[in-house]
Amino acid sequence: MKSFHITGTCIPEENYMVDTSKKIDTIMQMVEKKECFVINRPRQYGKTTTLFLLLRRLLSNGEYLPIKISFEGYGDAVFRTEESFCPAFLLDMANDFNTQKQGYSSIFLEQKGEVNSFNSLSYAISVILSKIPKKVVLMIDEVDKSSNNELFLHFLGMLRTKYLNAREGVDITFQSVILAGLNDIKSLKQRIRDDSKTQLNSPWNIAVDFEIDMTFKPEEIATMLADYVAETGIQMDIKAISERIYF
Ligand SMILES: Nc1ncnc2c1ncn2[C@@H]1O[C@H](COP(=O)(O)OP(=O)(O)OP(=O)(O)O)[C@@H](O)[C@H]1O
Ligand SMILES: [Mg+2]
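Parameters at a glance
- Residues numbered from 1 in each chain as written.
- Chains lettered and ligands numbered in written order.
- Predicted model: local features only at pLDDT ≥ 70, side-chain atom pairs only at ≥ 80, totals over all residues.
- Heavy atoms only, no water.
- Salt bridge = Lys/Arg side-chain N within 4 Å of Asp/Glu carboxyl O.
- Helix = DSSP H or I, 4+ residues; strand = E, 2+ residues; numbered from the N terminus.
- Buried < 20%, exposed > 50% of the residue type's maximum accessible area, 1.4 Å probe, protein only.
- Phe/Tyr/Trp six-rings, centres within 6.5 Å; stacked < 30°, edge-to-face > 60°.

Applying the stated criterion to the full structure yields 12 salt bridges. Between E63 and K135 there is a salt bridge, with the nearest N and O atoms lying 2.8 Å from each other. Within this pair, whereas E63 is found in the loop between α2 (47-60) and β2 (64-70), its partner K135 is found in strand β3 (residues 135-141), the two being separated by 72 residues in sequence. Take E63: its relative accessible area is 45%, and that puts it in the partly exposed class. Using a relative accessible area of 32% as the deciding quantity, one classes K135 as partly exposed. Taking the shortest distance from any N to any O, the salt bridge between K145 and E72 comes out at 2.9 Å. Placement of the pair is K145 in the loop between β3 and α7 (149-167) and E72 in the loop between β2 and α3 (75-78), with a sequence separation of 73 residues. With a relative accessible area of 32%, K145 lands in the partly exposed category. Take E72: its relative accessible area is 46%, and that puts it in the partly exposed class.

Below, the structure is given as structure tokens:
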């Protein structure tokens, strides 16, 4: 028997859920087009669940290899310097592979000893991706947890450089980079630019806007209630209740 779930990621087999497969279809098209973007929405908007459903979709399609990590548990010390951030980031990616995609984590760990700067991290990512015969998609949840704007912008700058070089055919990079968090990265850049005139370029200007409506419309909420009715046999006016929940 499924349950309604309001404290964390929803799992389709265990929870009654609003069917968001059309939204995932659209995000898949963005990934196919090698786009980079930020899912920036307020708290409890379904960002983490969306990343989880996208991860499943990518895993079920043999062409892709998704990596899903989060800055949530990193702690301030990790964000202090590139010497602390870069190896932690690489280890986190290796760890994600260890739990979900057996066989590839050793490729990450082989690179670990060398990585202590953004330059060496960038090189390690190229080596790793050259050994994986799939399109690797990087997803990072809770990007606002980065407590060091300057370091985070430097990190985005590294990803941007790789993206531009890969387009020119002189580097290898992720198929797509998807960040999730509360803020639009542009506002973060704005603040930095105000107090430091040297930061003229936006390191994330390769990103496209994320325009998918993440609110659940009454017709979408109805899919969750229809699931509930089918499983429990309890009768209800699905349309009226969907509209009320939406309200
Ligand atoms: N498709 C869905 N159907 C029903 N409930 C959902 C669905 N997606 C998310 N939820 C519920 O909404 C709540 C918020 O989802 P989620 O944790 O994915 O949001 P979030 O944007 O990552 O939140 P936060 O910003 O707090 O991390 C969760 O309790 C989850 O169970
Ligand atoms: Mg979340």
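Next comes the rest of the write-up.
Although it is not a glycine, Q44 sits at a positive phi angle of roughly 60 degrees. Mapped onto the fold, Q44 is located in the loop between β1 (37-40) and α2. Judged by relative accessible area, which is 70%, Q44 ranks as exposed. One non-glycine residue, E142, adopts positive backbone phi at about 55 degrees. Within the fold, E142 resides in the loop between β3 and α7.

Right, let's get into the packing of aromatic side chains. Using the criterion set out here, one finds 18 aromatic pairs in the structure. Relative to Y228, the ring of Y16 lies with its centre 5.1 Å away and its plane at 85 degrees, an arrangement referred to as edge-to-face. Of this pair, Y16 sits in the segment before α1 (21-32) while Y228 sits in helix α9 (residues 218-232), placing them 212 residues apart in sequence. Each ring, one from Y74 and one from F85, has its centre 6.4 Å from the other, and the planes form 50 degrees; the classification is tilted. Remark: F85 occurs in helix α4 (residues 82-100) and Y74 occurs in the loop between β2 and α3; sequence separation between them is 11 residues. Three or more aromatic residues link up through ring pairs in this structure, and these residues are F71, Y74, F79, F85, F89, F118, F152 and F155.

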